[in-house]
Amino acid sequence: MTSTKISETIEDYLSIMLVLERDHEPIVGARLAELIGVSAPTVTNTLKRMARDGYITMDEKSGTHLTAKGLEAAKSVMRRHMLTEWLLVPMLGWSKTHSQAHSMEHAVSAELEAALNNDLENPSVCPHGNPLPGFEHVVAEWQPLLSFAVGSVITIRRIHELAEQNADLLAFLETKQVMPGRTAVITENIPFNQTITLEINHQPVILGYSVAQYIYATPHILPEAV
């Protein structure tokens with residue numbers, strides 16, 4: 001039996017729902033409208049179609065959740081997207097891959113997905129540090145910038161998927177080298193104006209809390225002296 005092709009719109013909803021459920025954030029219409037950039041009535045109609053087709057359940061008490069069918073489809077979309085990002089990085093650079101991969105992911109076949117995964121040697125995270133489905137444990141110990149004290153030396157590990165959707169933000173972060181693998185020092189944290197300052201390559205980078213909450217890091221470990 002041939003599987004039914006999922007529309008690009010439904011795949012977009014599925015990938016965002018996967019992130020929200022993974023992060024234990026409720027799936028609500030207003031949040032989806034904000035993230036996808038559509039009206040509330042549009043979200044409502046789309047969710048009704050998704051429930052009809054068995055991708056989600058909707059209940060006034062328990063809320064909206066992916067079904068087993070929806071979860072598998074969402075994981076497929078996410079894998080295709082992240083593998084495509086790795087394919088594009090050498091050609092486009094780090095900050096432009098998300099938007100381009102978003103345009104291409106829907107056309108990636110299962111055969112191409114498998115070939116990419118094999119050629120890339122089964123990556124556990126995307127270029128922005130977010131986990132491919134099945135590798136959530138890899139990022140489990142990584143912490144948001146705001147959890148580190150002033151003076152901490154850290155290694156940046158991840159820019160959360162929800163921040164990836166802001167192309168201007170990704171371009172800014174790339175310019176300032178706020179990227180996975182970079183070492184930084186937290187030099188200042190000012191709660192009253194909600195800013196945190198990093199030093200990367202001897203250059204200060206000031207971030208608002210609204211951005212910093214989506215950037216994850218680990219304590220920097222110095223190499224052992226020989």
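About the thresholds
- Residues numbered from 1 in each chain as written.
- Predicted model: local features only at pLDDT ≥ 70, side-chain atom pairs only at ≥ 80, totals over all residues.
- Heavy atoms only, no water.
- Helix = DSSP H or I, 4+ residues; strand = E, 2+ residues; numbered from the N terminus.
- Rg over C-alpha atoms; globule rule 2.2 N^0.38 Å.
- Buried < 20%, exposed > 50% of the residue type's maximum accessible area, 1.4 Å probe, protein only.
- Areas by Shrake-Rupley, 256 points an atom, 1.4 Å probe, with all protein chains shown as cover.
- Lys, Arg positive; Asp, Glu negative; His and termini not counted.
- Charge placed at Lys NZ, Arg CZ, Asp CG, Glu CD.
- Pairing = 2+ DSSP bridges.
- Core = buried A, V, L, I, M, F, W, Y, C linked by side-chain atoms within 4.5 Å.
- Domains from an automatic or database assignment.
- Contact = heavy atoms within 4.5 Å.
- Salt bridge = Lys/Arg side-chain N within 4 Å of Asp/Glu carboxyl O.

S.K.: How would you sum up the overall build of the protein? Please name residues and give values.
M.R.: Broken down by element type, the protein carries 9 helices and 8 strands. In summary, the protein has a C-alpha radius of gyration of 19 Å against a globular reference of 17 Å for 226 residues, a match within 12%. Along the three orthogonal principal directions, the C-alpha set of the protein runs to about 60 × 45 × 30 Å. Residue burial in the protein is summarised as follows: out of 226 residues, 42% are buried. In the form shown here, the protein has an accessible surface area of approximately 12,300 Å², with 55% of it arising from carbon and sulfur atoms. Each charge class in the protein was averaged separately, 16 positive and 26 negative side chains, and the resulting centres sit 5 Å apart.

S.K.: Residue-level account of the pairing of strand β8 (residues 215–219), with values.
M.R.: For β8, the buried fraction is high: 4 of the 5 residues fall into the buried class. The pairing of strand β3 (residues 143–144) with β8 spans 2 bridges and is antiparallel. Across the sheet, residue Q143 finds its bridge partner in β8, namely A217. Two strands pair when backbone bridges link them, and strand β4 (residues 153–159) and β8 are joined in this way by 5 bridges, in the antiparallel orientation. When the bridges of β8 are listed, I159 appears paired with I215.

S.K.: Describe the nonpolar core, and please don't skip the residues or the numbers.
M.R.: In this structure, L14, M17, L32, L47, M50 and Y55 are the most contacted members of the largest nonpolar core, which totals 28 residues. Residue contributions to this core peak at 8 residues, all from helix α1 (residues 8–22). Composition of this core by domain shows at least three residues from each of domain 1 (8–70) and domain 2 (81–139). Residues contacting L32, with those up to four places away along its chain left out, are Y13, I16, M17, L20, I27, G37, V43 and L47. Core analysis: the next-biggest nonpolar cluster, separate from the first, contains 23 residues, I154, L169, A184 and A217 among them.

S.K.: I'd love a proper account of the pattern of salt bridges, names of residues and values included.
M.R.: With the rule as written, the count across this model stands at 9 salt bridges. A salt bridge links R22 to D23; the shortest N-O distance between them is 2.9 Å. A relative accessible area of 21% means that R22 is categorised as partly exposed. What makes D23 partly exposed here is its relative accessible area of 32%. When salt bridges that share partners are traced, they join R22, D23, R158 and E161 into one network.

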